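Descriptive structure summary
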Amino acid sequence: MKEWTREERYRELKSPEEIRELYERIKTSVYRQTYHVQPVTGLSSDPNGFALHQGKWHLCYQWCPWGAVHGLKYWYHVTSTDLMHWRNEGIGLQPDCEYDNRGTHSGSAISVDGSLYFYYTGNHRDDNWVRTPYTCAAVLDGEGKLRKLPKPLFGPRDDYEEHQRDPKIVWNPEKQKYFIFIGAQTMDKRGTVLIYQSEKLLEGWSFAGELSVPGYEKFGGMWECPYIVNISGTDVLIFSPQYTKLPGRAESTNHNVYFLGKMDYDTLTFTPQGGYKYLDFGFDFYAAQGAANVGDPDKAILISWIGLPDNHYPTEEEDWEGSMTLPRELRIVDGKLVQTPVAAVEELREKEIPADGTLPAACEMEVCPKAGDFDLNLFTKADGSGGFRLHYDGAKKVCTVDRTGMDKRFNQQVGEVLEMPLEQDLRKLRVFIDRSSVEIFANDGEATFTSHSYPTEREFHYTVSAGASVKIWTLKPSVTDDFVV
């Protein structure tokens, strides 16, 4: 694996021609996704700036153009009219001013009165590599370009650690104010969220205080990518706690969790209805961001990075890595959060094929098992051995996913076996397979499981327990892989 120097990782991209050869090389990879947003070159990580604006969905992602490495971060911009067919628009934000000289880091967007506003963390470092995070803003102009404000909205607070980032902009109609939620770390290394408020989008911001979540004052060492939304009268708080191990997550120290509850903007208190829950039970799901301006009080739209900080993946050898999940609809059903792929995914169905044990590289599977224990083994060899294995224990109502049988193994030290517990008996699985990912939706969204996967030529088979019904559709491409920078 390549060892990157700081100078290589933080090199400024001056011309698209500097990465054209890299693009031409990686676009031939057998692991390039068919219907998932992925980097044009290099690394993609956190989704950013996700919003519906004048009939078009805007999405950016953290992008390091040089290779599969975390270095100088840009925002890369893609758009869609249906959340499924995505078009490359090129660089959205680039680190080209004093306040973001070492990266345009994660943030959000909101559409108000015909304008689309973006909020991001400007990652500044001085000559001694000391970091100062600034909360900055940009506005989409008439040509589809993001134009930065000349100065930050505000700087960091000295009474917290330097980890203050990922601004999420929220409008609260009751208070008639905008709020920005920022992931942060206290001086005694506790994860938290800082809240700022203003009556205007681009000025007048003041510190409101620290978010209180009773019972979770010491939960992880940093809360990244905070997101709050009200769905059908219930507030949902989502964030990514770091620097901590949690039950059922093997050796991982990076997670994505949520609470259902009530947000009080007077006291800045989020009161949970019960404990935290995992947003996704898989190996590779992080930094989830919800879209602004969805326009439906009974649902939210969410997308996430397929990957984890500090983890490594086989395509790093090809100088690229990462993709986004399928966009998901979030709803509250019977007091519980459910997640389903957006409806437009069904438009990708090309044709239904025989369920004969052969697995296409890009497909959707619908599997309905009989009652009791059940096994679904993906990416097996022709004789049924090996593969990516899901076993359901009917007595415990737990799915165990094990990817130790794959030819290409990775992140073994973090863990290759995880459980997805269910409250109801397993009755249905929707499985979305792309060239380097698997997304599993159990019981119409009761639980989800996301993972990278890198099958070799001999691993495009599957087995399933007797008596289960299986439908398979091949899926058409829906993302452009055009070289637009």
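One structure accompanies this document, and this report is about it. (Residues numbered from 1 in each chain as written. Predicted model: local features only at pLDDT ≥ 70, side-chain atom pairs only at ≥ 80, totals over all residues. Heavy atoms only, no water.)

1. Description of the sheet that holds strand β11 (residues 191–198)
Adjacent strands of a sheet form backbone hydrogen bonds with each other and so pair up, either parallel or antiparallel. As summarised here, the arrangement of the 4 strands in space is β9-β10-β11-β12, forming an open sheet in which the pairing is antiparallel. The open sheet has two free edges, formed respectively by β9 (160–172) and β12 (206–210), since each of these has just one partner strand. Going across the sheet, the axis of each strand differs from the next one's by a mean of 30°, ignoring polarity. (Pairing = 2+ DSSP bridges. Helix = DSSP H or I, 4+ residues; strand = E, 2+ residues; numbered from the N terminus. Axes fitted to C-alpha atoms, helices over the stretch in contact; angles between N-to-C directions.)

2. A short note on the packing of aromatic side chains
If you walk through the whole model with that rule in mind, you get 32 aromatic pairs. Here tyrosine 216 and phenylalanine 259 contribute two aromatic rings whose centre-to-centre distance is 4.7 Å and whose plane-to-plane angle is 65°, an arrangement assigned as edge-to-face. Of the two residues, tyrosine 216 is situated in the loop between β12 and β13 (222–231) and phenylalanine 259 in strand β15 (residues 257–264); the sequence distance between them amounts to 43 residues. By relative accessible area, which is 18% here, tyrosine 216 ends up buried. Summarising the aromatic geometry, the rings of tyrosine 276 and tyrosine 278 are spaced 5.7 Å apart at their centres and angled 70° between planes, so their arrangement reads as edge-to-face. On the accessibility criterion, tyrosine 276 (21% relative accessible area) is partly exposed. Connected via pairs of aromatic rings, a cluster forms that spans Tyr216, Phe219, Trp223, Phe239, Phe259, Phe270, Tyr276, Tyr278 and Phe281. Across from the ring centre of tryptophan 4, 4.7 Å away, lies the NZ or CZ of lysine 2, which sits over that ring. If you follow arginine 349 out to its NZ or CZ, it ends over the ring of tryptophan 473, 3.8 Å from the centre. (Phe/Tyr/Trp six-rings, centres within 6.5 Å; stacked < 30°, edge-to-face > 60°. Buried < 20%, exposed > 50% of the residue type's maximum accessible area, 1.4 Å probe, protein only. Lys NZ or Arg CZ within 6 Å of the ring centre and 35° of its normal.)

3. A look at the environment of threonine 41
Along the chain, threonine 41 falls in the loop between α2 (17–26) and β1 (42–53). Exposure remark for threonine 41: the relative accessible area of 0% places this residue in the buried category. Taking the C-alpha atoms as reference points, threonine 41 and arginine 25, 16 residues apart in sequence, are found 9.4 Å from one another.

4. Observations regarding the pattern of salt bridges
Evaluated as defined, the whole model comprises 36 salt bridges. Residues lysine 148 and aspartate 100 are paired through a salt bridge, measuring 2.5 Å at the closest nitrogen-oxygen approach. Note that lysine 148 is positioned in strand β8 (residues 146–148) and aspartate 100 in the loop between β4 (86–93) and β5 (104–112), a separation of 48 residues in sequence. Aspartate 159 is the partner of arginine 157 in a salt bridge, and the nearest nitrogen-oxygen pair spans 3.1 Å. Each of Glu366, Arg427, Lys428 and Asp444 takes part in salt bridges that share partners, so that together they form one network. (Salt bridge = Lys/Arg side-chain N within 4 Å of Asp/Glu carboxyl O.)

5. A word on α2
Those residues of α2 lying buried are Ile19, Leu22, Tyr23 and Ile26. Burial along α2 is one-sided: seen end-on, the buried residues are contained in an arc of 105°. Elements that come into contact with the buried residues of α2 comprise β1, β2 (56–64) and β20 (320–321). (Arc of directions from axis to C-beta. Contact = heavy atoms within 4.5 Å.)

6. Notes on the pairing of strand β19 (residues 300–306)
When you tally the buried positions in β19, you get 7 out of 7 residues, the bulk of the element. The sheet contact formed by strand β18 (residues 286–290) and β19 spans 3 bridges and is antiparallel. When the sheet's bridge partners are listed, tyrosine 286 is paired in β19 with tryptophan 305. One ladder, built from 3 bridges, connects β19 with strand β22 (residues 328–333); its direction is antiparallel. Pairing of alanine 300 across the sheet is with leucine 330, part of β22. Note that β19 and strand β21 (residues 323–324) share 2 bridges and pair antiparallel. Paired with tryptophan 305 across the bridge in β21 is methionine 324.

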